[in-house]
Amino acid sequence: MKHRLSRAIAASVIGALVPLALLAVSLPAAAATVPWLHWSKPTRVDTDPVYAGSLSCPTARFCANIDEYDDVHVFNGRRWLAPVSLGISYVDNWAVSCPASTWCAGVDAYGNVTYYNGTSWSPPTRIAGGMKLAGISCSSRRFCAAISTDEFSAVTYNGTAWSAPVVIDPGTNGLDAVSCASRTFCVAVDGSGNAIRYNGSAWSAPRNIDGANYLNSVSCPTARFCAAVDNVGNLLDYNGTSWAAPRSIDPNDLGAISCTGVKACVAVDGQGTILQSRGYSKEHRTSVTPFYYTDNVSCASARFCVAMNEASQVIVGRAS
């Protein structure tokens, strides 16, 4: 699983910095309308080099992250605020999704969920029979989908309650990511190269789009466009009807991708490289302060993104 792999890699590099290159490459894009982002130096949001968990930035003035020690970190557009504890005493893995700056939902590896109401985070409560939840995507405060790696299952939220778990991906290497453009369109991807689509009432059968490769991340800003990345550096995109063939864009494991529009995406890889889409023919590379292993990125718009590594460091990308 991605978390197990990335945590092992992080453990090997904690205390030894990995050089970071910022790379804007020939990912597919509507080139003229996508600005190049300028990235800040790494900033640590936690004093402990803990596993950072996931990251969600609905606006340039709000991002949320929950780390493995159950501390919530919030960015207010200027700085990261002091962490707030969720009150759980064990080491955990969290995923978080914020469709707005006034509402978030986070799920963890023990089947807990917490909600943010714009002011505070709720105490974690158990859902889905306590199964291991590894990813969540909320298109609004009235709809979320969450996936379980080990149980091959998904659950959905209607703004009031969570559904019973539904097995959607049996006999594979496990679900790893999900992205929802609306309450009637989600895509989940797994470790066996499959994509599974949700139509508002049911999940499709798994469809292989990437051979035996491990799909680490998927991002669907609309029902007519998704992009997914895998463990061998491939990008795959969906046009509302079908998936394009895998296309190699990086020599390393691509850990995450975030898209704000059709073919307007930012991806990160296992060597601390950031890839930004801007057409097939334009490319540039910039070396900055060294960085740890990176597998989180969230873009509020084509003009603002945040990447986070497993040592709880972030860099902020802004258009000039």
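About the cut-offs
Residues numbered from 1 in each chain as written. Predicted model: local features only at pLDDT ≥ 70, side-chain atom pairs only at ≥ 80, totals over all residues. Heavy atoms only, no water. Helix = DSSP H or I, 4+ residues; strand = E, 2+ residues; numbered from the N terminus. Buried < 20%, exposed > 50% of the residue type's maximum accessible area, 1.4 Å probe, protein only. Phe/Tyr/Trp six-rings, centres within 6.5 Å; stacked < 30°, edge-to-face > 60°. Pairing = 2+ DSSP bridges. Core = buried A, V, L, I, M, F, W, Y, C linked by side-chain atoms within 4.5 Å. Contact = heavy atoms within 4.5 Å.

(A) Expanded view of unusual backbone geometry. Positive phi outside glycine occurs at Asp70, with the angle close to 65°. Its place among the elements puts Asp70 in the loop between β5 (62–66) and β6 (71–75). Look at Asp70 and you get buried, because its relative accessible area is 0%. Backbone geometry places Lys263, a non-glycine residue, at a positive phi of 60°. Of note, Lys263 is situated in the loop between β24 (254–261) and β25 (264–269).

(B) Representation of the packing of aromatic side chains in the model. Per the stated rule, a full pass over the model turns up 12 aromatic pairs. Aromatic pair Trp103 and Tyr115: ring centres 5.9 Å apart, planes at 35°, arrangement tilted. On the criterion of sequence distance, the pair formed by Trp103 in strand β9 (residues 103–108) and Tyr115 in strand β10 (residues 112–116) is long-range, its members being 12 residues apart. Judged by its relative accessible area of 6%, Trp103 is buried.

(C) Quick look at the pairing of strand β28 (residues 294–301). Burial runs high along β28: six of the eight residues are buried. Where β28 hands over to strand β29 (residues 304–309), the hairpin turn is made up of two residues, counted between the paired strands.

(D) A look at the nonpolar core. If you look at the biggest cluster of nonpolar residues, it comprises 16 residues, and the most contacted ones within it are Leu133, Ile136, Cys144, Val155 and Trp162. Of all the elements in the fold, those that place two or more residues in this core are β9, β12 (135–140), β13 (143–148) and β14 (153–157). Sort the elements by how many residues they give to this core and β9 lands first, with three residues. Sequence-distant contacts of Cys144, defined by excluding residues within four places in its chain, comprise Trp103, Ala105, Ile136, Ser137, Cys138, Val155, Thr156, Tyr157 and Trp162.

(E) Layout of the sheet that holds β10. Pairing is antiparallel in the open sheet, where four strands are placed in the order β8-β9-β10-β11. Both edges of this open sheet fall to β8 (94–100) and β11 (125–126), since each of them pairs with a single strand only. Note that β10 and β11 share two bridges and pair antiparallel. Residue pairing in the sheet places Asn112 in a bridge with Arg126 of β11.

Functional significance is not addressed by these values, which are geometric in nature.
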